[in-house]
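Observations on chain architecture
Each chain, letter by letter, is given below.
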Amino acid sequence: MDESSTSLRSHFPSWVRATTLGWALGVPAIVLFAVMAESLGQHSLHTPVGAGMGLAVGFFQSRAIRRWNLREWPWFWSCLLGLTAPFLAADLLRLAGVDIPYSLYLSVVVAGLIVGVSQAVLLRPRVRPAAAWVAATVLGWSLASGSVALADRLVRFKTIRGIPGALAYLGLVAFGGLVLAVITGLVLIWRLRSEPAA
């Protein structure tokens, strides 16, 4: 194993920590943005979901990628804008009177695709093929949102209750961040390790 490969692999734990922490702090960020929207008279908006998670995950991931000599701020904006866009589009259509069914899962898949494509551009030429990163990002965000959907369903059907139920709910939500971190981190290390350091 060469020195550059060892160095890249040594950064995997920092990527996992950054992404998982960003996911965890994304939840209160969503609540904060939702409260702000409510105070402005905008109820039941979906934009806070993408904006809150994009802000938190983007911030912490952008700090982690500096270890790979990648640009920090473009990465941050790719997360924030990419995750916000589908949710904002759904809200704007609803405010314009367009009656379309809202799907959290579909919005997350589209958001993951936007983020993956924009980040693949930022990773070029360090990561090839770009499709590997796009696929990992879409899969990671989709599975992460799936854990949240599962937690919500268990609460809705009163499968989990009381303090143990609350802990199980938080655990499932947190697990989503870990899934996102591991899937994207493994692909990032796998593709970057064969590339020369910038």
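Higher on the page you've got the structure.
Residues numbered from 1 in each chain as written. Predicted model: local features only at pLDDT ≥ 70, side-chain atom pairs only at ≥ 80, totals over all residues. Heavy atoms only, no water.

With 28 residues, helix 2 (residues 12-39) extends 40 Å between its outermost C-alpha atoms, agreeing within 8% with the 40 Å of an ideal straight helix rising 1.5 Å per residue. The set of residues buried in helix 2 consists of S14, W15, V16, A18, T19, G22, W23, G26, A29, I30 and A37. In the segment just after helix 2, G41 is the residue with positive phi, at about 85°. (Helix = DSSP H or I, 4+ residues; strand = E, 2+ residues; numbered from the N terminus. Expected span 1.5 Å × (residues − 1). Buried < 20%, exposed > 50% of the residue type's maximum accessible area, 1.4 Å probe, protein only.)

The full count for this structure, using the stated rule, is 1 cavity of 30 Å³ or more. There is about 40 Å³ of room inside the largest cavity. Along the walls of the largest cavity sit W15, Q61, W75, C79, V115, Q119, W133, T137, W141, L180 and T184, which together make up its complete lining. Only helix 4 (72-95), helix 5 (104-123), helix 6 (130-156) and helix 7 (162-192) provide two or more residues apiece to the lining of the largest cavity. Broken down by element, the residue count for the lining of the largest cavity peaks at 3 residues, all from helix 6. When grouped by side-chain class, the residues that make up the lining of the largest cavity number 7 nonpolar, 4 polar and no charged. (1 Å grid on protein atoms, 1.4 Å probe; cavity = no way out; pocket = protein on both sides within 12 Å on 5 of 7 lines; lining within 4 Å. Points joined across faces, edges and corners; volume = space filled by probe spheres on them. Nonpolar A, V, L, I, M, F, W, Y, C, P; charged D, E, K, R; others polar.)

All right, on to the nonpolar core then. With 22 residues, the main nonpolar core has W15, W68, W75, L123, W133 and L188 as its most contacted residues. Secondary structure elements with two or more residues in this core: helix 2, helix 4, helix 5, helix 6 and helix 7. At 6 residues, the largest contribution of residues to this core is made by helix 7. Apart from the residues lying within four places of it in its own chain, the contact partners of W133 are W15, W75, G116, Q119, A120, L123, V127, T184, V187 and L188. Formed by 14 residues, the second largest nonpolar core is a distinct cluster that contains W23, V108, W141 and V173. (Core = buried A, V, L, I, M, F, W, Y, C linked by side-chain atoms within 4.5 Å. Contact = heavy atoms within 4.5 Å.)

Another aspect to go through is the packing of helix 2 against helix 3 (residues 47-64). Close contact between helix 2 and helix 3 brings their axes to 7 Å; oriented N to C, the two are set at 150°. Considering their axes alone, helix 2 and helix 3 lie roughly antiparallel with respect to each other. As for how helix 2 packs across helix 3, the hand of that crossing is right-handed. Its residues placed into classes, the contact of helix 2 with helix 3 shows 19 nonpolar, 6 polar and no charged. (Axes fitted to C-alpha atoms, helices over the stretch in contact; angles between N-to-C directions. Parallel < 35°, antiparallel > 145°, perpendicular 65-115°, else oblique. Left-handed = near helix turned anticlockwise from the far one by under 90°.)

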